[in-house]
Structures are given as structure tokens and as C-alpha cells.
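If you want the building blocks of each chain, they are given just below.
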Amino acid sequence: MVKMSPAQPDALLAWMEALSDPTRLRLLRLLERHELGVVELCEILQLPQSTVSRHLKVLSDQRFARSRRVGTAHLYRMI
């Protein structure tokens, strides 16, 4: 039997929560194929910038997505 540290269940729950939202899953599907900016993602998903940015933050925090800066924009892609 494998013993889990107290932090592991919390990490697993955070990982599962990140994937439990349909919008985040749609973002991941887009980012696995293309590197896109927030403006492009907003246009595709027809969602406000604040909503898309909030979901990208969750995906980035859980290491599902990564961003790189190009000028003043950030381009996101799936890791």
C-alpha cells in the first residue's frame, strides 16, 4: 500500500477541480492545437476577457498551460 502525504490529496483535488469545468476543457482543447492569446480565446469562446483570464490562471497554476510574453501580449499553450 502506498502512503500519501497530507498534501497529496489536496493536490489531486485541485488537479481534478481544474479539469471539472467545461470552459477550461474547451480552452485545453484549443491550446493543445494552437498557441493563442487571450483576445483570440475570447473571440473563439465568446466569453469576456476576465472569465477567460480566470480560467487560464487555474490551468496555469495546475501546470496544464503555459504562457510566454510577446510584446504586451501573453500567448498560451498546453504543456
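Here, every reference points to the structure presented above.
**Q** What's the story with the overall build of the protein chain in this structure? I'm lost.
**A** For the protein chain, the count of helices and strands is four helices and three strands. For the protein chain, the α and β elements follow one another from N to C terminus as α-α-β-α-α-β-β. Dimensions of the protein chain, computed from C-alpha atoms along their principal axes, come out at roughly 50 × 25 × 20 Å. Within the protein chain, the proportion of its 79 residues that are buried is 29%. If you take every contact in the protein chain between residues at least 6 apart in sequence, the share linking residues at least 24 apart comes to 49%. Carbon and sulfur atoms make up 57% of the accessible area of the protein chain, which totals about 5,700 Å². Looking at the protein chain, you have 12 positive and 8 negative side-chain charges, and the mean spots of the two groups are 4 Å apart.

**Q** What is the right way to read the nonpolar core from this model?
**A** Soluble globular proteins: nonpolar side chains tend toward being buried together. With 16 residues, the main nonpolar core has L27, L31, V38, L41, V52, L56 and L59 as its most contacted residues. Residue assignment for this core shows that the elements contributing at least two residues are α2 (22–33), α3 (38–45) and α4 (49–61). The contacts of L59, once residues within four sequence positions are left out, are A18, R24, L27, L28, F64 and A65.

**Q** Explain the pairing of strand β3 (residues 73–78) to me, please; I cannot follow it from the model alone.
**A** Two faces belong to every sheet, and in a regular strand the side chains alternate between them. Note that strand β1 (residues 36–37) and β3 share two bridges and pair antiparallel. Within β3, the residue paired with G37 across the bridge is L75. Counting the residues in the hairpin turn of strand β2 (residues 65–70) and β3 gives two residues, including G71, whose phi is positive at 65°.

**Q** It is not clear to me how α2 should be interpreted in this structure. Could you clarify?
**A** One turn of an α-helix holds 3.6 residues; hence residues three or four places apart share an orientation. Here α2 spans 17 Å end to end across twelve residues, near enough to the 16 Å set by a 1.5 Å rise per residue. Within α2 the residues assigned to the buried category are T23, R24, L27, L28, L30 and L31. All buried residues of α2 project into a common sector of 165° when viewed along the axis, lining one side. Of the residues in α2, the exposed ones pointing more than 90 degrees away from the buried face are P22 and R33. The residue sitting at the N-terminus of α2 and contributing the capping side-chain oxygen is D21; that oxygen lies 2.8 Å from the backbone nitrogen of T23.

Calculation notes
Residues numbered from 1 in each chain as written. Predicted model: local features only at pLDDT ≥ 70, side-chain atom pairs only at ≥ 80, totals over all residues. Heavy atoms only, no water. Helix = DSSP H or I, 4+ residues; strand = E, 2+ residues; numbered from the N terminus. Buried < 20%, exposed > 50% of the residue type's maximum accessible area, 1.4 Å probe, protein only. Contact = heavy atoms within 4.5 Å. Areas by Shrake-Rupley, 256 points an atom, 1.4 Å probe, with all protein chains shown as cover. Lys, Arg positive; Asp, Glu negative; His and termini not counted. Charge placed at Lys NZ, Arg CZ, Asp CG, Glu CD. Core = buried A, V, L, I, M, F, W, Y, C linked by side-chain atoms within 4.5 Å. Pairing = 2+ DSSP bridges. Expected span 1.5 Å × (residues − 1). Arc of directions from axis to C-beta. Polar contact = N/O pair within 3.5 Å; in protein donor to acceptor, adjacent residues only side chain to side chain.

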